Amino acid sequence: PARKLREILFASELERELTKDEILELYLNSIYFGMNCYGANQTSDKLFNKAPIILRLEEAALIAGLPNAPSALNPFENPTGAKKRQEVVLDAMQRYGFITQSQCWKAKSTEIYLSDGSILAHEDKVVL
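Below, the discussion takes up the environment of Leu26. Inspection of the secondary structure puts Leu26 in helix 2 (residues 20–28). Take Leu26: its relative accessible area is 48%, and that puts it in the partly exposed class. Sequence spacing of Leu26 and Gly39 is 13 residues, and the spatial spacing of their C-alpha atoms is 8.8 Å.

Have a look at this one:
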């Protein structure tokens, strides 16, 4: 009970001091994405050798799916699982109106090139 009370007080203070976008940014810059990466910046650099701000939709969706199961969805070790999770994220983005059906299809079908030279592709293409 004491821990929960401290968490409630901390959350209330956080909401008074920061906007929701700032809280989300703090969260995304600290959570574990697997591959010994904490935060979206480190993960983006590890996977694509680029900053998150210049990620394409398909790359960002891949990263967004990783916190669900960071070790199991490591794209270097489980490209098929990572790609399937990315497609779940894209479907949700479409369902909630963040992207169109056309954008969803295009992102799903676009090959993703990882920093180690491997390629993640839609299931009707070869995944290396």
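With that out of the way, let us pick up helix 5 (residues 79–95). The first and last C-alpha atoms of helix 5 sit 24 Å apart over 17 residues, in line with the 24 Å expected at 1.5 Å per residue. If you check which residues of helix 5 are buried, you get Pro79, Gly81, Ala82, Lys83, Gln86, Glu87, Val89 and Leu90. Those residues of helix 5 that are buried are in contact with helix 4 (57–65), helix 6 (101–109), strand 3 (112–113) and strand 4 (119–120). Immediately downstream of helix 5, the backbone of Gly97 shows phi near 85°, a positive value.

Before going further, it helps to spend a moment on the pattern of salt bridges. Enumeration according to the criterion identifies eight salt bridges in this entry. In this structure, the salt-bridge partner of Arg16 is Glu13, at a minimum N-O distance of 2.7 Å. Within this pair, Arg16 and its partner Glu13 are both found in helix 1 (residues 2–17), separated by three residues, close to a single helical turn. Owing to a relative accessible area of 59%, Arg16 belongs among the exposed residues under this scheme. Overall, the relative accessible area of 35% leaves Glu13 in the partly exposed class.

The rules behind each value
Each chain has its residues counted from 1, running along the sequence as written. The model is predicted, so local features are restricted to residues of pLDDT at least 70 and side-chain atom pairs to those at 80 or more, both for listing and for counting; the totals for chains, interfaces and linings are taken over all residues. Side-chain measures were taken over the full set of non-hydrogen atoms in the model, leaving aside hydrogen atoms and water. The secondary structure listing takes helices from DSSP runs of H or I that are at least 4 residues long and strands from runs of E that are at least 2 residues long, numbered from the N terminus. Burial classification: accessible surface area is computed with a 1.4 Å probe over protein chains only, and a residue below 20% of its type maximum counts as buried, one above 50% as exposed, and the rest as partly exposed. Any helix carries an expected span of 1.5 Å times its number of residues minus one. Whether two residues are in contact is decided by their heavy atoms, any of which lying within 4.5 Å being enough. Any carboxyl oxygen of Asp or Glu that lies within 4 Å of a side-chain nitrogen of Lys or Arg is treated as forming a salt bridge with it.

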